[in-house]
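# Coordinates in review
So the chains spell out like this:
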Amino acid sequence: MKNQMIIGIILTLIIIIFIGVYWANEPARQEAARQELFQEKMELGARTYATQCARCHGINGDGLAGPPLTGNRLPEEALTRIIQRGIPHTVMTAWSAEEDGPLRDSEIRHLITFINSWDDDLLDSVREESARESGEAAAAEPDKFASTGESLFNGKGCAACHGNNALGRVVKPGPSCLSCHTGDLRSLEIAPALPGHSAEEITEKVREGSKEMPSFDEDKITEDELGEIIAFIEDIPVPEISGDLEASLSEALEAVRNEEIFWAGLQLEEALTAAELDVQKAQIEKVIENVADGNLAEAAEQLEAMVSGEEGDGHAH
Ligand code: HEC
Ligand code: HEC
Ligand code: HEC
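Every value quoted in this text rests on a predicted model; they were computed, and no experiment measured them.

Scanning the protein chain from N- to C-terminus turns up 12 helices and two strands. What you see for the protein chain is a C-alpha radius of gyration of 29 Å, clearly larger than the 20 Å of a compact globule of 317 residues, by over 25%. The C-alpha extent of the protein chain, read off along each of the three principal axes, is 120 × 45 × 35 Å. When the 317 residues of the protein chain are sorted by exposure, 27% land in the buried category.

Listed below in structure tokens is the structure:
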């Protein structure tokens, strides 16, 4: 009887001490749980960054085809909106599933957590992990790119704007355009076709960039890599302008110079039918718009460039 009482008291004391210690540690436990949750979000965000964004914003976020994302200074609201809806008229497309993009809202939230607390080491380890996983996949399709130049053209982000085969890229009108535009809308050229450009032209453009194209210094693309990219572009046959297309364009140029608007319009419609590349079509549509708006000097200039086989000034401003 007495022994039982003593055991009872001891047990009670143990429970009281246990509960006390437990509560004393509670804030620390909560903090640890918070940290763990944060790390999980960071890791998920880093994964999405590595698989979706790195090819344009750089492996370490220091910029490539798109601007750097490290040291972000955009307010959270703006950052969210840009990622969800994209930047119209650019290759920065909408990512939110609501806008037909590939990412769920939770994925975008984790991505933003990661961007705001950028961690290169975490990114490295995530990348190593996925490289190990995709190593096996890559072994299954070793010839994804025919040459080093082609894989550089894709990997350094040129393809994001100029298209996989350097034949230019346009955005076609879709539902997302209707928030700003109404009625008939033509396609918009993102970047022109590249075959036919000389090594000097390519080098100058890549190193200096322009208002619409980012520049790439030797940290981003070495001399050797640029050589490979140039060789890749030089190997692509210059898209042939068919006899029909050339004839219609020349007729249209003549008509624009003589201010024969109606005849110019007819010839341009024929050119549109004869054109094969999306960028050619986008450029012709732009000439048609200029003719309709009475901007004949500009239309003539564009037509001259197209007839002489050069790149027309058909891109976005
Ligand atoms: C196909 C290339 C491409 C991909 C993929 C891409 N971006 Fe972009 N991004 C761009 C370009 C180009 C711009 C600049 C557009 C402009 O304003 O001309 C940009 C701009 C941005 C900006 C605005 C930056 C600033 O300082 O104004 C943010 C933020 C951004 N991207 C985040 C992302 C995130 C996050 C992802 C991955 C989900 C992503 N981007 C994927 C090309 C890309
Ligand atoms: C963010 C989009 C973007 C990226 C990335 C990009 N370009 Fe461009 N590029 C353009 C645009 C837009 C033009 C047309 C405007 C101009 O000439 O500045 C252009 C023009 C050019 C021209 C001159 C074409 C002409 O007809 O005048 C060359 C050559 C070129 N790019 C090569 C490259 C190469 C090589 C890469 C990759 C290292 C690259 N570009 C990456 C957007 C881009
Ligand atoms: C956020 C608003 C907005 C959205 C979304 C938008 N645009 Fe525009 N767009 C504009 C504005 C503003 C202009 C006039 C600026 C200018 O003339 O350069 C314009 C001009 C244009 C032009 C003529 C300019 C040129 O350089 O040839 C075309 C073509 C065009 N947009 C196509 C599109 C297409 C296609 C989409 C959808 C994929 C789209 N836009 C989505 C605001 C928008």
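Still more ground to cover, so stick around.
Taken domain by domain, the protein chain comprises domain 1 (33–116), domain 2 (146–234) and domain 3 (243–308). With nine residues of domain 2 at the contact, the number on the domain 3 side is nine residues. Taken together, the residues of the side of domain 2 that touches domain 3 sort by class into five nonpolar, two polar and two charged.

So, about the nonpolar core. Of all hydrophobic cores here, the largest spans 25 residues; its most connected members are Phe153, Cys161, Ile229 and Ile233. Those elements giving two or more residues to this core turn out to be α5 (148–155), α6 (158–162), β2 (188–191), α8 (223–235) and α11 (278–292). Of all the elements, α8 adds the most residues to this core, at five residues. Filtering out sequence-adjacent residues up to four positions away, isoleucine 229 remains in contact with Gly149, Leu152, Phe153 and Cys158.

Here we come to the site of ligand 3. In the vicinity of ligand 3, 17 residues are found, and the nearest of them are Pro88, Pro173, Cys177, Cys180 and Leu188. Residue classes in the shell around ligand 3 are distributed as eight nonpolar, seven polar and two charged.

Another aspect to go through is the confidence of the model for the protein chain. Looking at the protein chain, pLDDT values average 89 and 94% of them are 70 or higher. Of the regions scoring below 50 in pLDDT, residues 311–317 engages in 22 contacts with residues more than four places distant in sequence or in other chains.

As a further point, take the environment of glutamate 128. Along the chain, glutamate 128 falls in helix α4 (residues 120–140). Remark: the alpha-carbon pair of glutamate 128 and glutamate 208, spanning 80 residues in sequence, is separated by 33 Å.

Below, the discussion takes up the packing of helix α10 (residues 261–274) against α11. In the contact formed by α10 and α11, the axes pass within 10 Å of each other and the chain directions differ by 165°. One finds that α10 runs roughly antiparallel with respect to α11. Relative to α11, the crossing made by α10 is left-handed. Within the contact between the two elements, α10 uses Ile261, Ala264, Gly265, Leu268, Ala271 and Leu272 and α11 uses Lys281, Ile284, Val287, Ile288 and Val291.

For the rest of this paragraph, the subject is unusual backbone geometry. Residue alanine 166 is not a glycine yet carries a positive backbone phi of 65°. Inspection of the secondary structure assignment puts alanine 166 in the loop between α6 and β1 (169–171). Alanine 166 sits in the buried class, given 22 other C-beta atoms within 10 Å. Even without being glycine, glutamate 259 reaches a positive phi, approximately 60°. Judged by C-beta crowding, with 10 C-beta atoms within 10 Å, glutamate 259 ranks as exposed.

An ideal rise of 1.5 Å per residue puts 82 Å on 56 residues; helix α1 (residues 2–57) measures up with 76 Å between its terminal C-alpha atoms. Remark: the principal bend of α1, roughly 50°, maps to threonine 51. Glycine 58 occupies a position one or two residues after α1 and carries a positive phi of about 95°.

This brings us to the packing of helix α9 (residues 243–257) against helix α12 (residues 296–307). Closest axis-to-axis distance for the α9/α12 pair is 9 Å, and the angle between their directions is 150°. When the interaxial angle is binned, α9 and α12 end up roughly antiparallel. Considering only the axes of α9 and α12, their crossing is left-handed. Between α9 and α12, the residues in contact are Glu246, Leu249, Ser250, Ala252, Leu253, Val256 and Arg257 and Leu296, Ala299, Ala300, Leu303, Glu304, Met306 and Val307, respectively.

About the thresholds
- Residues numbered from 1 in each chain as written.
- Chains lettered and ligands numbered in written order.
- Predicted model: local features only at pLDDT ≥ 70, side-chain atom pairs only at ≥ 80, totals over all residues.
- Helix = DSSP H or I, 4+ residues; strand = E, 2+ residues; numbered from the N terminus.
- Rg over C-alpha atoms; globule rule 2.2 N^0.38 Å.
- Buried ≥ 20, exposed ≤ 12 C-beta atoms within 10 Å, placed from the backbone.
- Domains from an automatic or database assignment.
- Contact = placed C-beta atoms within 7 Å.
- Nonpolar A, V, L, I, M, F, W, Y, C, P; charged D, E, K, R; others polar.
- Core = buried A, V, L, I, M, F, W, Y, C linked by C-beta atoms within 7 Å.
- Near = placed C-beta within 6 Å.
- pLDDT = per-residue confidence, 0-100.
- Axes fitted to C-alpha atoms, helices over the stretch in contact; angles between N-to-C directions.
- Parallel < 35°, antiparallel > 145°, perpendicular 65-115°, else oblique.
- Left-handed = near helix turned anticlockwise from the far one by under 90°.
- Expected span 1.5 Å × (residues − 1).
- Bend = angle between axes of the 7 residues up to and from the residue.

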